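Single-letter residue listing:
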Amino acid sequence: MRDAVGSLIGTYDITGRYLDQGALDRLKAYFAQGEARTQVATLINANAAEIVQQASLRLFDAVPELLRPGGNAYTTRRYSACLRDMDYYLRYVSYALVAGTNDVLDERVLQGLRETYNSLGVPIGPTVRGIQFMKEAVKAMAAEAGIGDSSFVDEPFDHLSRDFSEISI
Ligand SMILES: CCC1=C(C)/C(=C/C2=NC(=C\c3[nH]c(/C=C4\NC(=O)[C@H](C)[C@H]4CC)c(C)c3CCC(=O)O)/C(CCC(=O)O)=C2C)NC1=O
């Protein structure tokens, strides 16, 4: 598992190059965002339960069939599994935000997940919607906390969504 710095150094080391202007610019951008990235991780840490709760309410409001007999989140056990999954996504997103790369998502979350979801009939579209609702909640909190440019928050949430969307075909 790598962060933005380790992965950049790894790339340059493979080819025995010094860090050139392009590399240094990328490092500068990462360090310049450091404060905002840790601020968002702090917000997520302090509000995780609320973010998951809020996003799941929006999801079940938008796709009420999930909770009805035959729906994948029907029964308390599956409902809890669904909320637990959303909590996993949020926690790993907070790691990815601090690391500045999505490697942790590829390595710890997405590997093998498509097979699991497919075999259990967990629907992809609603999963992606739940992830996007969490993204919106986090971005709203970031804006409220005065973080002007929170576009970096999109990256890990959209990375998860993209990976899921690819597998729904
Ligand atoms: C840290 C990485 C990690 C992830 C991501 C993870 C996901 C994960 N979600 C699962 C199940 C599940 N996931 C869901 C989720 C949902 N159902 C819906 O209708 C909604 C769309 C959605 C919630 C948004 C449900 C309902 C189950 C249980 C399905 C079943 O057992 O029938 C399972 C099968 C085993 C289990 O039930 O625990 C795994 C492995 N596990 C991990 O260790």
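In short, a report on the structure.

Parameters at a glance
Residues numbered from 1 in each chain as written. Predicted model: local features only at pLDDT ≥ 70, side-chain atom pairs only at ≥ 80, totals over all residues. Heavy atoms only, no water. Near = heavy atom within 4 Å. Polar contact = N/O pair within 3.5 Å; in protein donor to acceptor, adjacent residues only side chain to side chain. 1 Å grid on protein atoms, 1.4 Å probe; cavity = no way out; pocket = protein on both sides within 12 Å on 5 of 7 lines; lining within 4 Å. Sits in = over half its atoms within 2 Å of the grid points. Helix = DSSP H or I, 4+ residues; strand = E, 2+ residues; numbered from the N terminus. Nonpolar A, V, L, I, M, F, W, Y, C, P; charged D, E, K, R; others polar. Buried < 20%, exposed > 50% of the residue type's maximum accessible area, 1.4 Å probe, protein only. Lys, Arg positive; Asp, Glu negative; His and termini not counted. Salt bridge = Lys/Arg side-chain N within 4 Å of Asp/Glu carboxyl O. Contact = heavy atoms within 4.5 Å. Axes fitted to C-alpha atoms, helices over the stretch in contact; angles between N-to-C directions. Parallel < 35°, antiparallel > 145°, perpendicular 65-115°, else oblique.

1. A few points about the site of the ligand
No. 1: In the neighbourhood of the ligand, 24 residues make up the surrounding shell, with Asn-72, Arg-77, Cys-82, Arg-84 and Asp-85 lying closest.
No. 2: One of the side-chain N or O atoms of Arg-84 is found 2.7 Å from an oxygen atom in the ligand.
No. 3: Note that a nitrogen atom of the ligand is positioned 2.7 Å from one of the side-chain N or O atoms of Asp-85.
No. 4: Taken atom by atom, the bulk of the ligand overlaps the largest pocket.
No. 5: At ten residues, helix H3 (residues 76–99) tops the list of elements feeding residues into the shell around the ligand.
No. 6: A per-class count over the shell around the ligand returns 16 nonpolar, three polar and five charged.

2. Regarding the side chain of Arg-37
No. 1: By the secondary structure assignment, Arg-37 is in helix H2 (residues 21–62).
No. 2: Buried charged residue Arg-37 carries no salt bridge. Nearest counter-charge: Glu-155, at 4.1 Å.
No. 3: Discounting residues that sit within four places of it in the chain, Arg-37 has contacts with Tyr-30, Ala-96, Leu-97, Val-98, Gly-100, Phe-152 and Glu-155.

3. Section: the packing of H2 against H3
No. 1: Following both chains from N to C, one finds H2 and H3 inclined at 170°, their axes separated by 8 Å at the closest point. What the angle tells us is that H2 and H3 run roughly antiparallel. Residues Tyr-30, Arg-37, Val-40, Ala-41, Ile-44, Ala-48, Ile-51, Val-52, Ala-55, Ser-56 and Phe-60 of H2 touch H3, and the partners they reach there are Tyr-79, Cys-82, Leu-83, Met-86, Asp-87, Leu-90, Ser-94, Ala-96, Leu-97, Val-98 and Ala-99.
No. 2: Grouping the constituent residues of the contact of H2 with H3 by class yields 18 nonpolar, two polar and two charged.

4. Focus: the environment of Leu-43
No. 1: Among the secondary structure elements, Leu-43 is positioned in helix H2.
No. 2: Taking the C-alpha atoms as reference points, Leu-43 and Leu-8, separated by 35 residues in sequence, lie 27 Å from one another.
No. 3: Each residue touching Leu-43, except ones within four places of it in the same chain, is listed here: Met-141, Ala-142 and Ala-145.

5. Brief notes about unusual backbone geometry
No. 1: Its identity is not glycine, yet Thr-75 carries a phi of approximately 85°, on the positive side.
No. 2: Along the chain, Thr-75 turns up in the loop between H2 and H3.
No. 3: Overall, Thr-75 belongs to the partly exposed group, its relative accessible area being 38%.

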